[in-house]
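Next come the chains, spelled out residue by residue.
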Amino acid sequence: MERVSFSGTAIERLRSGRVLVLTGAGVSAESGLATFRGEGGLWEGRDPVELATPEAFRRDPKTVWRFYTERREKAAQASPNAGHRALAALEEALGERFLLVTQNVDGLHERAGNRRIVRLHGSLWRLRCTRCGDEDEDLDLTASHRCRCGGRRRPGVVWFGEPLPEGAYEQAAEAAARADIVLVAGTSSIVYPAAGLPEIGREAGAWTVEINPERTAISDRVDERVPAASGSALPALVEASSPGAD
Ligand code: NAD
Ligand code: ZN
C-alpha cells in the first residue's frame, strides 16, 4: 500500500466530529469501472449528449439502453474495492456522525455496506417508467424495458439537464453545512451542484480534504490534498483515525 499521510486536524475531526464524504467515479476506478472524463473514460470517443440526455432517449432509446446495459453488466461484475470497504467501516464506526453523498450510480457503496447514503445522480439499478413514473429495482438485469402500463422504462439515473432526485441535494447541502470534516474522493468536481458541497462545508467551518491522484477544479480551494488513489488513502485514513491508533 502507498504511504499516505493526513493532517492532525483531519484525524481529530474524523475521531470526534460530523463527517461528510462526497464520492465520484474515481472511487470505483480500482474496481475496474471506467470514469467519465479523460483517457479510457466512458465519454472518450462518444458524445454524452447522444447518450445521457432525455432528448437522446426519446430519439434513440435502443442506443441509450445499449450504453446503460453495458454499464450495468460491468457494474454487476465488479466488486467493491478497499476504498468502498473503508467507507463502510467508517459508517459502522461513526453511525449518525457519518453521511455519504455519492455521484456514483454503480451501487458499489451499497454493496460494500453503506446505508447512510444520498445518491445525487440516481442508480443504474432502478428503472423508471417514462409514462406513469412507476419505479422499480432491477438488481439482476432481468426486468423488461416496458412498464405494465405499456410505457417505456428508462435507467433511473440523472441525465444532463435534469433535476436531481427530490430532496437529495438539500439533504447533502444541509449535512455539508453541519459537517466538521468533508472528504472529497474520486471526483473531478466539475459537475454542479455536487461540486459545490465542499465549499458549503468549508464556509461553515468544516475541514476539507481532497483525495485524488490528479488535481481538480476545486484543488485550490480545499484545506488539504491527498494525492493518492482512494483504494489506498481511504483505508489509511480510517486506520489512522480509529481509536487506539496514533
Ligand atoms: P469524472 O470521470 O469526471 O472524474 C473522476 C475523477 O476520479 C478524476 O478527477 C480522477 O483523477 C479521479 N480518479 C481516478 N482514479 C482514482 C482513484 N483510484 N482514486 C481517487 N480518484 C481517482 O467523474 P465524476 O467526478 O464522478 O463525474 C461527475 C458526475 O458527472 C458523475 O458521477 C456522473 O454522475 C455525472 N455524469 C453523469 C453522466 C450520466 O451518464 N448520467 C454523464 C456525465 C457525467
Ligand atoms: Zn408505466
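What this report covers is the structure whose coordinates are included nearby. (Residues numbered from 1 in each chain as written. Chains lettered and ligands numbered in written order. Predicted model: local features only at pLDDT ≥ 70, side-chain atom pairs only at ≥ 80, totals over all residues. Heavy atoms only, no water.)

## A short note on the side chain of Asp 106
Quick note on the threshold: Note on conventions: DSSP H or I runs of at least 4 residues are helices, E runs of at least 2 residues are strands, and numbering of each starts at the N terminus. For each residue, the accessible area found with a 1.4 Å probe, counting protein chains only, is set against the maximum for its type, and the residue is called buried under 20%, exposed over 50%, and partly exposed in between. The charge count treats Lys and Arg as positive and Asp and Glu as negative. His and the chain ends do not count. Note on definitions: salt bridges are taken to be side-chain nitrogens of Lys or Arg within 4 Å of carboxyl oxygens of Asp or Glu. Two N or O atoms count as a polar contact when they lie within 3.5 Å, although within protein this holds only if one can serve as hydrogen donor and the other as acceptor, and sequence-adjacent residues are included solely when both atoms are side-chain atoms. Whether two residues are in contact is decided by their heavy atoms: any pair within 4.5 Å suffices.
Structurally, Asp 106 is set in the loop between strand 2 (98-102) and helix 6 (108-112). Buried and unpaired, Asp 106 has no salt bridge, with Arg 71 as the nearest side chain of opposite charge at 7.2 Å. Among the polar contacts made by the side chain of Asp 106, one reaches the main-chain amide nitrogen of Leu 108 at a distance of 2.9 Å. Excluding anything up to four places from it in sequence, Asp 106 contacts Ser 28, Leu 33, Ala 75, Leu 124 and Trp 125.

## A look at the sheet that holds strand 8 (residues 207-211)
What counts is decided by this rule: The pairing criterion is simple: DSSP has to find at least two bridges between the two strands. The axes are straight lines fitted to the C-alpha atoms, using for helices just the contacting stretch, and the angles between their N-to-C directions are given from 0 to 180°.
Taken in spatial order, the six strands of this open sheet run 3-2-1-7-8-9, and their pairing is parallel. At either end of the open sheet lies a strand with only one pairing partner, and these are strand 3 (117-119) and strand 9 (224-226). Each adjacent strand pair in this sheet contributes to an overall mean axis angle of 15°, direction not counted. The sheet contact formed by strand 7 (residues 181-185) and strand 8 spans five bridges and is parallel. Across the sheet, residue Ile 181 finds its bridge partner in strand 8, namely Trp 207. Against the sheet, helix 5 (residues 82-94) touches strand 1 (19-23) and strand 2, its axis set at about 150° to strand 2.

## Regarding the pattern of salt bridges
Two side chains bearing opposite charge may form a pair once their charged atoms approach each other closely. Applying the stated criterion to the full structure yields 16 salt bridges. Close ionic contact of Arg 58 with Glu 55 constitutes a salt bridge, the shortest N to O distance being 3.8 Å. Pair noted here: Arg 58 and Glu 55 are both in helix 3 (residues 54-59), with a separation of three residues, about one helical turn. What makes Glu 55 partly exposed here is its relative accessible area of 42%. When salt bridges with common partners are traced through the structure, they connect Asp 134, Asp 136, Arg 148 and Arg 153 into a single cluster.

## Some thoughts on the coordination of the zinc ion (ligand 2)
Under the convention used in this document: For Na, K and Ca the donor cut-off is 3.2 Å, and for all other metals it is 2.8 Å, counting N, O and S atoms only; because water is absent from this set, sites may look incomplete.
Around the zinc ion (ligand 2), the protein supplies Cys 129 (SG), Cys 132 (SG), Cys 147 (SG) and Cys 149 (SG) as donor atoms, at distances of 2.3 Å. Of the residues examined, Cys 129 reaches a relative accessible area of 3% and is grouped as buried. A relative accessible area of 32% means that Cys 149 is categorised as partly exposed.

## Here's the deal with the environment of Tyr 192
Position of Tyr 192 relative to the elements: it lies in the loop between strand 7 and helix 8 (197-203). The sequence separation of Tyr 192 and Arg 66 amounts to 126 residues, and the corresponding C-alpha distance is 27 Å.

## Considerations on the pairing of strand 7
With respect to burial, strand 7 is a largely interior element, five of its five residues being buried. Burial of strand 7 is two-sided: the residues Ile 181, Leu 183 and Ala 185 facing one way and the residues Val 182 and Val 184 facing the other way are all buried.

## Here's the deal with the pairing of strand 6 (residues 153-157)
The element strand 6 is largely enclosed, with a buried count of five among its five residues. As judged from the five bridges shared by strand 4 (residues 122-129) and strand 6, these two strands associate in the antiparallel manner. Across the sheet, Leu 127 pairs through a bridge with Pro 155, a residue of strand 6.

By themselves, these are just geometric observations and shouldn't be taken as functional.
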